[in-house]
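Each chain, written out:
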Amino acid sequence: MDNIYSSLTDNKNRIENDFKDCSDFLLRECIVDETDCVVCVLDGMIDSLQLSHMIMEPLLTFSGKYKTSAELFETIKKAVINSLEMNEVNTFEDAYFFLASGFAIVFIDGVSKCLALGIQGFTKRTTDEPPTESDIKGAKECLTETLNDNKAILRRRLKTPDLKLKQLKIGKSVKTSVVIAFIKGVADDALVNEVEKRLENADIEKLHDFGEISSFLDSEISSYFSAVGYTERPDTLCSKLTEGRVAVIMDGSPFAVYVPHLFSDSFSTVDDYDDLPFYATFNRLLKYFAFFVSIILPAFYVAAGTFHQELIPTSLMYTVAAAEATTPFSLMQEALIVLILYEIMREAGIRLPKLIGHAVSIIGALVIGDAVVNAGLIGTPMLVVVAVTAIASYVIYPLYESVSVLRVIFILLGGFTGIYGIVLGICVICVNITALNPYGVPYSAPISPLSVKSIGDIFYREGWRKLAGRKVRIQNLRGADINEI
């Protein structure tokens, strides 16, 4: 976009033409000690009281000695304006970016640049309890859609100048502010540079949400698992930063993404570190068990009932046979039908307004829980298996997207090839997990390759007397040089 003109009339005509039909665009012409000036803001983005007391009043009452417009510009910048957040802008593109960010833009006749003065006052959400990452004993605070508030939350928790918040503008047609957060001396410089390089080279026209960033930061190896983690909890994000990871926070999204993300990260929660070690270990093992149950249980039931009846106890086999004798579908078909119905109701429950969302639960209980069984369409044992699977999948909610798809794939493997296909599918998944190597750090670390120093916080949780003394950094788990990836 063009550079700012030295003529105030040209600047005024240009900005009025660009913001034509924009009812929220406000422009005020004024005279500052016999020199023409223009002040521009976007209504609703600024604090009117700050605009009046910090900018307009000092400008209109100023009287001083200067020879050129450039001298007046410097005088206003250093001795007149009361705003602490101040930027010199040379292009219209940057000026429009600051306008949309809650800044006031001041043009002075005869100066080919303008001042952007921070007086933000737009409406924003408070830091309530995280809705997607519930906990019992952790902090009741979450990130918001406002970038400056998120930076302040991190700064309040990590009170050190080593916390770096490097801000970029991403997007070709419309710029969006993005912050790269890391702790200098803890995060590897190569990792920080690689993240910054990927963001700057990202082919994005307009950044809408954090998912677009994740795609450019993720591993290029095809997988059902993501090497990019996300969280809306500031305490979780701070713990990741202290491990040497790099986070990316974008303006307009309450979720921060961080890299590299490991497979074991999905099985730990904030409460694990507040509970006693033996109970935290029990919960951690329960999550790993729930992960395998949510993927394998329906497939194993289908495979055993279709090909390997000898694996089912005799008394249970009679129950399964009696239930299936009255249904028109095979076990594999039943499992797929019930799971698809469950996913439809789950999605409907999420998208529906809260006031009528409970209707989905009532209909689901009537349709799946009672009607399909009485009609002889689905066997009761299959409903029990699917219900246990659905509940288990919510225990490891960060992996729910991966689990929901893998569950269907394993059902097809079990229905067509039996236990042998399931075992082969497990081997393929394990190979795929170990093949992911985001930023040189194996996705399966510290399980594979095994890190004895880190294993005390994977399948079980050691006491804080031992954990506090560890200084495990994510780069210590690296299996290859980041520059080789």
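Just above, that's the structure.
These notes cover the structure that comes with them.

Looking at the packing of aromatic side chains
- What the rule picks out here adds up to 22 aromatic pairs.
- On the basis of an interplanar angle of 75° and a centroid distance of 5.6 Å, the ring pair of F263 and F291 is categorised as edge-to-face. Placement of the pair is F263 in the loop between strand 10 (256-259) and helix 9 (277-306) and F291 in helix 9, with a sequence separation of 28 residues. The pair formed by F263 and F291 is uniform in burial state, with each residue classed as buried.
- Between the NZ or CZ atom of R14 and the centre of the ring of F92, over which it lies, the distance is 4.7 Å.

Digging into the state of the cysteines
- Throughout the structure, instances matching the rule amount to 0 disulfides.
- The cysteine C22 is free of any disulfide, with C40 supplying the nearest cysteine sulfur at 12 Å.
- Given the relative accessible area of 30%, C22 is considered partly exposed.
- The closest cysteine sulfur to the non-disulfide-bonded C430 is located on C427, 6.5 Å from its own sulfur.

Considerations on the sheet that holds strand 8 (residues 229-231)
- Strand order in this open sheet of 5 strands is 6-7-9-10-8, and the pairing throughout is antiparallel. Where the open sheet ends on each side, the last strands, each with one partner, are strand 6 (163-170) and strand 8. The average undirected angle you get between the axes of adjacent strands in this sheet is 25°.
- Where strand 8 meets strand 10, 3 bridges bridge the pair, whose relative direction is antiparallel. When the bridges of strand 10 are listed, Y230 appears paired with V257.

Re helix 1 (residues 8-18)
- Listed in full, the buried residues belonging to helix 1 are L8, N11, K12, R14 and I15. Relative to the axis of helix 1, the buried residues are bounded by an arc of 165° and lie together on one face. Across from the buried face of helix 1, at angles greater than 90 degrees, the exposed residues are T9 and N17.
- Check the buried side of helix 1 and you find it contacts strand 1 (25-32), strand 2 (35-42), helix 4 (92-99) and strand 4 (103-108).

Scoring rules and cut-offs
- Residues numbered from 1 in each chain as written.
- Predicted model: local features only at pLDDT ≥ 70, side-chain atom pairs only at ≥ 80, totals over all residues.
- Heavy atoms only, no water.
- Phe/Tyr/Trp six-rings, centres within 6.5 Å; stacked < 30°, edge-to-face > 60°.
- Helix = DSSP H or I, 4+ residues; strand = E, 2+ residues; numbered from the N terminus.
- Buried < 20%, exposed > 50% of the residue type's maximum accessible area, 1.4 Å probe, protein only.
- Lys NZ or Arg CZ within 6 Å of the ring centre and 35° of its normal.
- Disulfide = S-S within 2.5 Å.
- Pairing = 2+ DSSP bridges.
- Axes fitted to C-alpha atoms, helices over the stretch in contact; angles between N-to-C directions.
- Arc of directions from axis to C-beta.
- Contact = heavy atoms within 4.5 Å.

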